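Structural overview
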Amino acid sequence: MPEPRITIFDYGAGNLHSLAKAVASFGTAPVVETDPVRAVETDVLLLPGVGAFTPAAERLAPGRDVMQQALAGGLPCLGICLGMQLLLDGSDEGTGSGLGVIPGWVTRIDAERLPQIGWNSLEDAIDPLLAESGLDTVYYANSFICRPDKRSHVTSWSTHGGDRFAGSVRRGRTVGVQFHPEKSSSAGVAFIHAFLREMLT
Amino acid sequence: MLTRRLIVCLDVKGGRVVKGVNFESLRDVGDPVALAERYEREGADEIVYLDISASAEERATLLDLARRTAERLFIPLTIGGGIRTADDVARALRAGADKVSLNTSAVERPEVLAEASHRFGAQCVVASIDAALVDGAYRVFVKGGKVPTGLEAVAWARECERQGAGEILLTSIDRDGVRGGYDLALTRAISEAVHVPVIASGGAGTSAHVVEAFDAGGADAALVAGILHDGVATVAELKSAMKRAGVPVRETAGVAA
């Protein structure tokens, strides 16, 4: 098999270095692509996770339908933090449409102290990638979280303040994580590798 | 449950970690990337680089340093020192920082917090506040804690939150480097006044001091520097003390009850 193509869709702000390095240490240097239409010409699509919903949705908009069809057609995708939120229909944070691959809405966390910044535990984790990588405590930096319509799409949970929310989701080959695996130390990097291994072999 | 964080701070000058004695006679203590990696292995929850360079020439190395670090470090990295505009924040994030702290520039123009927060999200904007007790009131100082501003610390922390800061790094000038414990009254006053997380800084000398920052101070994170660099304590010892005291911690190597 020729070397797989792994693409990070770069929609503006944020540190992509740690994610790129975590991917590269799997054996394939990722391509960073700012055009959402060209971003889906890949074997694996990564939606990174720093910024605000509205500007990200604006950058996604010209390629939204193409990306939605690619994911529905089975293109493996990992959405991280804001990248996970873009998998849903939309967000209370601002205007703009998400991909709607995971039906649901993004809302603010119901907690006294926001943003949620720090390490939190994953509960009731059922995605085998989490067990395989030993990832049970993860780094969050967010004020908004995903509320999928179907509980069956949720593959782990976390709690902040009085609010229990989806730590991760999955629908087929589309995986979303609200936390930052690229900032969750060695187990987080192992999770990214486990995802790539599942999707590329 | 969200755990309480132990954050390790490295003072950087000209791209190297330095250590001062009484704010003078700085000496080179190593490569920031190697030290940051070591502290990640030892269980630190985050790393902060504070650039104390005096000149623009020395400071030019900071972004290169962030880039080299982000390729090796897989826990969050905050950089501070000399960041003045939202474009500076953009460059720092692109270089590899996860969060950026602003201090003097925020006092001079508070809107920079709002501008950075709107572009990149509150979670990467850290308002750094240096405060000292003056005639019974906590006052804010800038330019490395040397220049008084007249601002009252609690009011200024509230204003930073209102502008869009997602976190407050609160350093007690009185306690910094003294190792007699954090200023718990200051920490408590600020953490009760704002809804964003507060990082206590300045004064850690023992593991008991770190525990106090959370218990009596109400902090969400504690920043430590000298006691780790000098080998007075280890990350595992500090986190073990937190755990024994009932402070929730991320379990890492050597953290024992």
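All figures in this text were calculated on a predicted structure; none of them were measured in a lab.

**Topic: the overall build of chain B**
Helix and strand counts for chain B stand at 11 helices and 12 strands. Scaling as 2.2 N^0.38, a compact globule of 257 residues should have a C-alpha radius of gyration of about 18 Å, and chain B matches this with 17 Å. Overall, chain B is about 45 × 40 × 40 Å in size when its C-alpha atoms are taken along their principal axes. Considering only contacts within chain B whose residues lie at least 6 apart along the sequence, 62% involve residues at least 24 apart. When the accessible surface of chain B is summed, it comes to about 9,900 Å², and 52% of that surface belongs to carbon and sulfur atoms. Distance from the positive charge centre (30 side chains) to the negative charge centre (36 side chains) of chain B: 2 Å.

**Observations concerning the overall build of chain A**
A tally of regular secondary structure across chain A gives seven helices and 12 strands. For 201 residues, the compact-globule estimate of 2.2 N^0.38 gives 17 Å, and chain A sits close to it at 15 Å. The 201 residues of chain A split such that 63% are buried. Of the contacts formed within chain A by residues at least 6 apart in sequence, a portion of 71% connects residues at least 24 apart. Counting every atom, chain A has about 7,200 Å² of accessible surface; 49% of that belongs to carbon and sulfur. For chain A, the distance from the average site of its 16 positive side-chain charges to the average site of its 22 negative ones is 1 Å.

**Focus on the sheet that holds strand β5 (residues 90–91) of chain A**
All names here are of chain A. Strand order in this open sheet of three strands is β5-β6-β9, and the pairing throughout is mixed. One side of each edge strand has no neighbouring strand; the edge strands of this open sheet are β5 and β9 (144–148). Here β5 pairs with strand β6 (residues 104–108) via two bridges, running parallel. Pairing of Gly90 across the sheet is with Trp105, part of β6.

**A word on the side chain of A:Thr42**
All names here are of chain A. For Thr42, the location among the structural elements is in the loop between α2 (36–39) and β3 (44–47). For Thr42, a relative accessible area of 12% gives the class buried. Among the polar contacts listed, one links the side chain of Thr42 to the backbone oxygen of Val44, at a separation of 3.0 Å. Residues contacting Thr42, with those up to four places away along its chain left out, are Arg5, Ile6, Thr7 and Leu75.

**Section: unusual backbone geometry**
Of note, the bond from A:Leu114 into A:Pro115 is cis; its omega dihedral lies within 30 degrees of zero at -5°. For B:Asp135, which is not glycine, the phi dihedral falls at a positive 50°. Within the secondary structure layout, B:Asp135 lies in the loop between β7 (125–134) and β8 (137–142). Assessed through its relative accessible area of 83%, B:Asp135 is described here as exposed. At B:Arg179, a position not held by glycine, the phi torsion is positive, near 65°.

**Digging into the nonpolar core**
Ranked by internal contacts, the top residues of the largest apolar core, which has 80 residues, are B:Ile47, B:Tyr49, B:Ile190, B:Val210 and B:Val224. Leave out the neighbours within four places in its chain, and B:Ile47 touches B:Val8, B:Leu10, B:Ala36, B:Tyr39, B:Leu73, B:Ile75, B:Pro76, B:Leu77 and B:Thr78.

**Re the packing of helix α1 (residues 32–42) of chain B against helix α3 (residues 61–70) of chain B**
Residue and element names in this part refer to chain B. Running from N to C, α1 and α3 cross one another at 40°; their axes reach a closest spacing of 9 Å. As far as their axial angle goes, α3 and α1 are oblique. Relative to α3, α1 is oriented so that their crossing is right-handed. Between α1, through Pro32, Val33 and Ala36, and α3, the contact on the second element is made entirely by Leu65, Arg68 and Thr69.

**Some points on the confidence of the model for chain B**
Counting all residues, the mean pLDDT for chain B is 94, and 98% of those residues have values of 70 or more. Among the scores for the predicted complex, ipTM is 0.95 and pTM is 0.96.

**Section: the packing of aromatic side chains**
All names here are of chain A. Within this structure, the stated rule accounts for five aromatic pairs over all chains. With centroids separated by 5.5 Å and ring planes inclined at 65°, the aromatic side chains of Phe9 and Tyr11 adopt a geometry described as edge-to-face. Of the two residues, Phe9 and Tyr11, both sit in the buried class. One aromatic cluster is present, built from ring pairs that chain together Tyr140, Phe165, Phe179 and Phe191.

**Considering a nonpolar patch on the surface**
A cluster of nonpolar side chains, B:Leu26, B:Leu50 and B:Ile52, forms an exposed patch at the surface whose accessible area comes to about 210 Å². Overall, B:Leu50 belongs to the partly exposed group, its relative accessible area being 31%.

**Details of the sheet that holds strand β12 (residues 174–177) of chain A**
Residues and elements named next belong to chain A. Spatial strand order, β2-β1-β3-β4-β12-β11-β10: seven strands in an open sheet with mixed pairing. This sheet does not close on itself; its edge strands, each paired only once, are β2 (31–33) and β10 (154–160). For this sheet, the mean angle separating the axes of adjacent strands, direction not counted, is 20°. Of the strands in this sheet, β1 (6–9), β3, β4 (77–80) and β12 touch helix α4 (residues 64–72), which is tilted by about 125° from β3.

What counts as what
Here, residues in each chain are numbered from 1, in the same order as that chain's written sequence. Labels follow written order: the first chain is A, the first ligand is 1, and so on. Where local features are concerned, this predicted model is filtered to residues with pLDDT of at least 70; where side-chain atom pairs are given and counted, the filter is 80 or more; whole-chain, interface and lining totals use all residues. Derived side-chain values reflect all non-hydrogen atoms in the structure, with water molecules and hydrogen atoms excluded from consideration. Helix and strand definitions follow DSSP, with helices as H or I runs of at least four residues and strands as E runs of at least two, each counted in order from the N terminus. Our radius of gyration is a C-alpha quantity, and the globule rule it is checked against amounts to 2.2 Å times the number of residues to the power 0.38. Contact between two residues is taken to exist if any of their heavy atoms lie within 4.5 Å; hydrogens are not considered. Surface exposure here means Shrake-Rupley accessible area, sampled with a 1.4 Å probe, where a residue is shielded only by the protein chains that are shown. Charge convention: Lys and Arg are scored as positive, Asp and Glu as negative, and His as well as the terminal groups of each chain are ignored. For the purpose of locating charges, the reference atoms are NZ of Lys, CZ of Arg, CG of Asp and CD of Glu. Buried, partly exposed and exposed residues are distinguished by accessible area as a fraction of the type maximum, computed with a 1.4 Å probe on protein chains only: under 20%, between the cut-offs, and over 50%, respectively. DSSP calls a pair of strands paired once it identifies at least 2 bridges connecting them. Here a polar contact is recorded for every N or O atom pair within 3.5 Å, except that within protein the pair must consist of a potential hydrogen donor and a potential acceptor, and residues adjacent in sequence are included only if both atoms are side-chain atoms. Only buried residues count toward a nonpolar core. Its members are Ala, Val, Leu, Ile, Met, Phe, Trp, Tyr and Cys residues joined through side-chain atoms within 4.5 Å. Axis definition: a line fit to C-alpha positions, over the contact stretch in the case of helices; interaxial angles, taken between N-to-C directions, run 0 to 180 degrees. Note that the term roughly parallel is reserved for angles under 35 degrees, roughly antiparallel for angles over 145, roughly perpendicular for angles of 65 to 115, and oblique for everything else. Handedness of a crossing is defined here by the sense of rotation of the near helix relative to the far one, left-handed for an anticlockwise turn of less than a right angle and right-handed for a clockwise turn. The predictor rates its confidence in each residue with pLDDT, a number between 0 and 100. The aromatic pairing rule takes the rings of Phe, Tyr and Trp, using the six-membered ring of Trp, and pairs them if the centres are within 6.5 Å, calling planes under 30 degrees apart stacked, those over 60 edge-to-face and the rest tilted. Grouping into patches uses exposed residues only, defined as over 30% relative accessible area, and leaves out salt-bridged ones; the cut-off is 9 Å for like charges and 5 Å for nonpolar side chains (Val, Leu, Ile, Met, Phe, Trp, Tyr). The term salt bridge refers to a side-chain nitrogen of Lys or Arg lying within 4 Å of a carboxyl oxygen of Asp or Glu.

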